[in-house]
Amino acid sequence: MKGLLARKVGMTQVFTERGTVVPVTVLEADSCTVVQRKTVAVDGYEAAQLGFGSRRPRHTPKPLLGHFKRAGLQPQRTLIELRDPGDVEAGSHVSVDIFTAGQRIDVVGISKGKGFAGQHKRHNFDRGPVSHGSHNIKQPGSIGSTDAARVFRGLRMAGHLGAQRATVRNLEVVRVDTDRNLLLVKGAVPGHRNAVLLVRDSDRSATLGNAS
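These figures come from a predicted structure and were not determined experimentally. (Residues numbered from 1 in each chain as written. Predicted model: local features only at pLDDT ≥ 70, side-chain atom pairs only at ≥ 80, totals over all residues. Heavy atoms only, no water.)

### Examining the pattern of salt bridges
What the rule picks out here adds up to six salt bridges. One salt bridge in this structure joins Glu-46 and Arg-37, with 2.9 Å as the shortest N-O distance. Under the relative-accessibility criterion, Arg-37 is labelled partly exposed at 26%. Its salt-bridge partner being Asp-177, residue Arg-180 comes within 2.8 Å of it at the nearest N-O pair. Connected through salt bridges with shared partners, the residues Asp-106, Arg-169 and Arg-200 form a single ionic network. (Salt bridge = Lys/Arg side-chain N within 4 Å of Asp/Glu carboxyl O. Buried < 20%, exposed > 50% of the residue type's maximum accessible area, 1.4 Å probe, protein only.)

Shown next, in the form of structure tokens:
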């Protein structure tokens, strides 16, 4: 599975050869580096540890400083593992040329935090009646049961919305700019501006290819 870490620059639009407008998200992967290569013999599984962004040595814990020193790299701000990475070596740089235009990818990141939200915004609940005398317009309704004198665990209620790991699957790569190390992906991806995202091959496209 191919993949890299990239920074979300923002959204824009591009024109295709037919003249149609396509909304795209611009991802920049200028500093993605392979920090460590994990093997079955040593670690029990195949993976590559990818690093992204710079970090001041004085703000880096000493165990991490030693970890980066063994790899011959400067401290990285973000570390993420990618399973079954293929033939990549520790210390090498990963650029956007591993992807091609028209390829399907998955983008993994942390969704935007929305703070405390009610059940209507958080779970898309319907509102109550707004007729005269109704006091149940924004209430969740009954949260109890007929026989148990308690509220069951897992009931959808108001609470913190967003700021969770989210994956958008089967997105299309519209354009690959190797000169500026930019990746233009059709549609929206998780995270705020300047968020670090994991871009990898789409597992759904592989499943569809095996089915056909």
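### So, the sheet that holds strand β4 (residues 47-54)
Backbone-to-backbone hydrogen bonds join strands into a sheet, with any given pair of strands oriented parallel or antiparallel. Read from one edge of the open sheet, three strands run β3-β4-β5, paired in antiparallel fashion. Both edges of this open sheet fall to β3 (33-38) and β5 (76-83), since each of them pairs with a single strand only. The sheet shows a mean angle of 25 degrees between the axes of neighbouring strands, taken without regard to direction. With five bridges joining them, β3 and β4 adopt antiparallel strand pairing. Its bridge partner lying in β4, Thr-33 is registered against Gly-51. Along the sheet, helix α2 (residues 62-71) contacts β3, β4 and β5; its crossing angle with β3, the most-contacted strand, is approximately 90 degrees. (Pairing = 2+ DSSP bridges. Helix = DSSP H or I, 4+ residues; strand = E, 2+ residues; numbered from the N terminus. Axes fitted to C-alpha atoms, helices over the stretch in contact; angles between N-to-C directions. Contact = heavy atoms within 4.5 Å.)

### Some points on the pairing of β4
Here β4 lies mainly inside the structure; seven of its eight residues are buried. As paired strands, β4 and β5 are joined by seven bridges and run antiparallel to one another. Paired with Gln-49 across the bridge in β5 is Glu-81.

### Re the packing of aromatic side chains
Overall, the coordinates contain zero aromatic pairs when judged by the stated rule. We note Arg-83 situated over the ring of Tyr-45; from NZ or CZ to the ring centre the distance is 4.2 Å. (Phe/Tyr/Trp six-rings, centres within 6.5 Å; stacked < 30°, edge-to-face > 60°. Lys NZ or Arg CZ within 6 Å of the ring centre and 35° of its normal.)

### Notes on the sheet that holds strand β9 (residues 165-177)
Spatially, the six strands close up into a barrel ordered β1-β2-β10-β9-β6-β11, and their pairing is antiparallel. Neighbour-to-neighbour, the strand axes of the sheet open up by a mean angle of 50 degrees, direction not taken into account. Judged from the four bridges that link them, β9 and strand β10 (residues 182-186) form a sheet pairing that is antiparallel. Note that in β10 the partner of Val-176 across the bridge is Leu-183.

### Quick notes on the side chain of Glu-28
Here Glu-28 lies in strand β2 (residues 21-28). The exposure class of Glu-28 is buried, given its relative accessible area of 16%. Those residues within four positions of Glu-28 in sequence are excluded, and the remaining contacts are Ala-6, Arg-7, Val-9, Phe-52, Asn-181 and Leu-182.

### Examining a positive patch on the surface
A grouping of Lys-112, Lys-114, Lys-121 and Arg-193 is seen on the molecular surface, where their side chains present a positively charged patch. Mapped onto the secondary structure, Lys-112 falls in the loop between β6 (104-110) and β7 (115-117). (Patch = residues over 30% accessible without salt bridge, like charges linked within 9 Å, V, L, I, M, F, W, Y side chains within 5 Å. Areas by Shrake-Rupley, 256 points an atom, 1.4 Å probe, with all protein chains shown as cover. Lys, Arg positive; Asp, Glu negative; His and termini not counted. Charge placed at Lys NZ, Arg CZ, Asp CG, Glu CD.)

### So, the confidence of the model for the protein
In the predicted model, the protein carries a mean pLDDT of 90, and the fraction of residues at 70 or more is 96%. Note that pLDDT drops below 50 for residues 207-212; the model gives that stretch zero contacts with residues more than four away or on any other chain. (pLDDT = per-residue confidence, 0-100.)

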